[in-house]
Amino acid sequence: MSTIPDKVLTTCPRDCYDACGILVERRDGKISRVVGDPNHFVSKGSLCGKCAVAYNGGFINSSSRLLHPLRRTGPKGAGQWEQITWDDAIAVIAAKLKPHIAGGRASKVIQAHYTGTVALLAGNFPLRFFNAIGATEVDPDTVCNKAGHAALQLVFGDSLSGFDPRTVKDSNCIMVWGANPATSAPHVDRHWLKSSKATRIVIDPIKHKTAQEADLFLQPRPGSDASLAFAMLHVIRELNLLDRSFIESHAIGWPSVAAQLDACTPEWGEAETGVPAALIRQAAEIYARGPSLLWLGQGLQRQPFGGNVFRACSLLPVATGNMMKPGAGLFYMNGFGFRGVDMGWVTGAEIAPGASPAISHMDLHEALADPRRSSVFFTWNCNPAASSPNQKKLVDALKREDLFHVAIDIFPTDTVDYADIVLPAASFLEFDDLVMSYFDWTVSAQTKASEPFGSSKTNMEMFRQIAEACRLSDRALFEQDGDMLEKLLHQSGIEMGFSELSERGTVFWSSKTGIPFVDGRFSTNSGKIELAGPAFVDAGLPTAPTPHADAPPAPGFWRVLSPASSWLMNSSYGSEERIRRQIGPQTGFINPAMANAAGLVEGEAVILFNETGELPMRVGFDAGVPQATILLHKGRWPKYEMAGANVNILNPGQKTDLAESSSVHGIEVRIRCAMSEAAE
Ligand SMILES: Nc1nc2c(c(=O)[nH]1)N[C@H]1C(S)=C(S)[C@@H](COP(=O)(O)OP(=O)(O)OC[C@H]3O[C@@H](n4cnc5c(=O)[nH]c(N)nc54)[C@H](O)[C@@H]3O)O[C@H]1N2
Ligand SMILES: Nc1nc2c(c(=O)[nH]1)N[C@H]1C(S)=C(S)[C@@H](COP(=O)(O)OP(=O)(O)OC[C@H]3O[C@@H](n4cnc5c(=O)[nH]c(N)nc54)[C@H](O)[C@@H]3O)O[C@H]1N2
Ligand code: SF4
Ligand SMILES: [Mo]
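Residues numbered from 1 in each chain as written. Chains lettered and ligands numbered in written order. Predicted model: local features only at pLDDT ≥ 70, side-chain atom pairs only at ≥ 80, totals over all residues. Heavy atoms only, no water.

The name given to the protein in an unreviewed UniProt entry is Anaerobic selenocysteine-containing dehydrogenase, with Bradyrhizobium erythrophlei as the source organism. Recorded in UniProt for the protein, the comment headed Sequence similarities (unreviewed entry) runs: "Belongs to the prokaryotic molybdopterin-containing oxidoreductase family." (UniProt positions renumbered as here; feature names shortened; annotations may be inferred.)

Here it is in structure tokens:
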């Protein structure tokens, strides 16, 4: 008999700034409806469109879910499976792993994971197992935001202590740079950004919904943001708005920045970035007068020089003293560490027996293609066949007969198609966990609202069982969820247990508004903010940030930007039929004037191509897209496309200037007509 009540408050654990409160209603012993919690300060009674569809669709529909363990019976990718028991599945996996562990070859066990469920346990507990055996991790952030993290880490000693959004009441300006909250954080956009009285400045190559609703919109060419930041600093110095005492007290390296500013006039900035000089002046002055909040988006740093871009943009709050006071600050992501969580404990970092170095997602296809580097591959919480670069080479590597691949997912993704063993994961609606928003300083309960579908299990339970079958003994590998949740709440200093938090849904970590770095201490080598210095040279960068702008594409070439779609969550929900109807065929949006000049007609079938691959798509028109740019949203499932591919078929996996991260918004392609080809 189920003891689950008819109404359950829980929290959305997607990789989303919002961390919405959810109300699950049950009837006749099962979930009947999943809606936004009307009392939650973020969701205020509504889910985003994509989750409203998915949580009331595939998530609660047995026919869409993976329900039982499967073993491959045909060639890789052929979709031929037999259902097996959990005992058999775990035994097959352990039989493969044990010789690797005993023979010191566990570095050939490669494991990829990321954004499926970013709740604390489901997103991290399996790492204890992989750390214990010394497997090779595919560094998850390298496919998303690592260059930004690494840059802020070097500058401030911390990339995970952004402003507390509650401080907005003291702000006169919010500058959103290279993020699109209307899509990627829809409730934060509606209830925080739009409802604030501060002047909203948006900086993005695309005039998207957030940009359309801004007070001031600056539209730089992709990859030119460092030049824009330097031109703004030139104006700020000219207006005498530098906060020299802040710089002197808290930063080192300013002279090497100042020495470059003379040449960076707004007119020079206009030539480098395409943003009119008058707008550069206006934005710089509003921002500098402050108090101002600066939100650096994750899309901003997915550029070949993303590390330099982040260094240049982070000069602004330092040069103007827009930090360490109410209403000011810089936000990239808010981590769990400052909310007390010991991530080393959650992930079992201390039980690593001399961990194998992680590899970048940019190199995953090479590592998987090479039998000397990989013999076992685990994918959990991720779908690299849709989301990672070098899609063709990656899928070719997944076809390697001698690569033993275990795929763990809720749904039968493209990645799952190439697995040897498929393990069905329980969805977030089916187990307890904790969610900490990476925007608001909150702690939320993810509370079980249903028994797991079929024989699916949580990520935690699967890895406890695999650890046992591998005869590992470290107690951390067998810790129970309930105990870990209580410990996490204790670490966070929230004075309540999980059941009380469950009833409340979400609480603020502290009732007082926080101000990061307010004690003036920075965890850098010098203890100060480092604008320039030897740490950057060690990381392969110039001593000081430079006013660099990428060259615009040569004639005949287009830059592809593939940011978040409003209807997909990375590639999650790509199988929902209602969502597929909503997003229609694969469409790349181009500025109509550019399209006319290139002889392209709206709706026309074309093929994008470069040295990495080719992708058929329809031409769409959008006047908000700049010159020589194609907007092609990420996250479609390759197997539903005629060409069996999505935008990542074009992605060469070029590494950023820092931290081997993704520069997916730096892809260049050419366009050819599909019709003439068909006629040939
Ligand atoms: N072209 C292009 N590509 C991009 C990007 C881009 O901007 N452009 N963005 C990149 C970014 S920012 C990111 S973060 C990555 C994201 O890439 P991934 O992290 O691979 O995200 P998804 O593709 O959504 O895959 C997540 C999978 O986890 C599954 N899942 C959900 N919950 C659970 C669970 O509890 N357990 C298990 N085992 N599985 C679960 C989901 O069903 C889904 O199949 O993509 C990157 N790819
Ligand atoms: N609906 C939805 N929400 C999501 C996701 C999703 O897939 N769908 N994914 C989640 C994840 S994993 C992440 S990482 C976040 C990402 O969310 P955001 O931080 O908003 O990042 P992106 O959507 O990748 O890109 C944001 C913007 O960066 C811009 N951009 C690209 N290149 C440049 C440049 O050179 N300069 C400037 N100034 N801007 C540039 C793009 O035009 C885009 O509008 O969203 C999360 N939320
Ligand atoms: S994905 Fe984001 S906006 Fe949608 S329900 Fe989840 S937290 Fe809210
Ligand atoms: Mo991401």
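Let us now look at the site of ligand 1. Near ligand 1 lie 30 residues; those nearest to it are Thr117, Asn383, Ser387, Asp409 and Ser571. With respect to ligand 1, the side chain of Ser572 contributes an N or O atom lying 2.9 Å from an oxygen atom. In isolation ligand 1 offers 920 Å² of accessible surface; the protein chains occlude 97% of this area. When the residues that make up the shell around ligand 1 are grouped by side-chain class, the tally is 12 nonpolar, 14 polar and 4 charged. Looking at the shell around ligand 1, you find at least three residues from each of domain 2 (70-143 + 342-500) and domain 4 (558-679). (Near = heavy atom within 4 Å. Polar contact = N/O pair within 3.5 Å; in protein donor to acceptor, adjacent residues only side chain to side chain. Areas by Shrake-Rupley, 256 points an atom, 1.4 Å probe, with all protein chains shown as cover. Nonpolar A, V, L, I, M, F, W, Y, C, P; charged D, E, K, R; others polar. Domains from an automatic or database assignment.)

So, about unusual backbone geometry. In this model, Gly290 is joined to Pro291 through a cis peptide bond whose omega is -10°. Tracing the backbone through its elements, the reader meets Pro291 in the loop between helix H13 (277-289) and strand E12 (292-296). Even without a glycine there, the phi angle at Asn390 is positive, about 50°. Relative to the elements of secondary structure, Asn390 occurs in the loop between helix H18 (384-387) and helix H19 (391-398). Of note in this structure, Phe517 is not a glycine but carries a positive phi near 60°. Its place among the elements puts Phe517 in the loop between strand E20 (506-508) and strand E21 (529-530). What makes Phe517 buried here is its relative accessible area of 15%. (Helix = DSSP H or I, 4+ residues; strand = E, 2+ residues; numbered from the N terminus. Buried < 20%, exposed > 50% of the residue type's maximum accessible area, 1.4 Å probe, protein only.)

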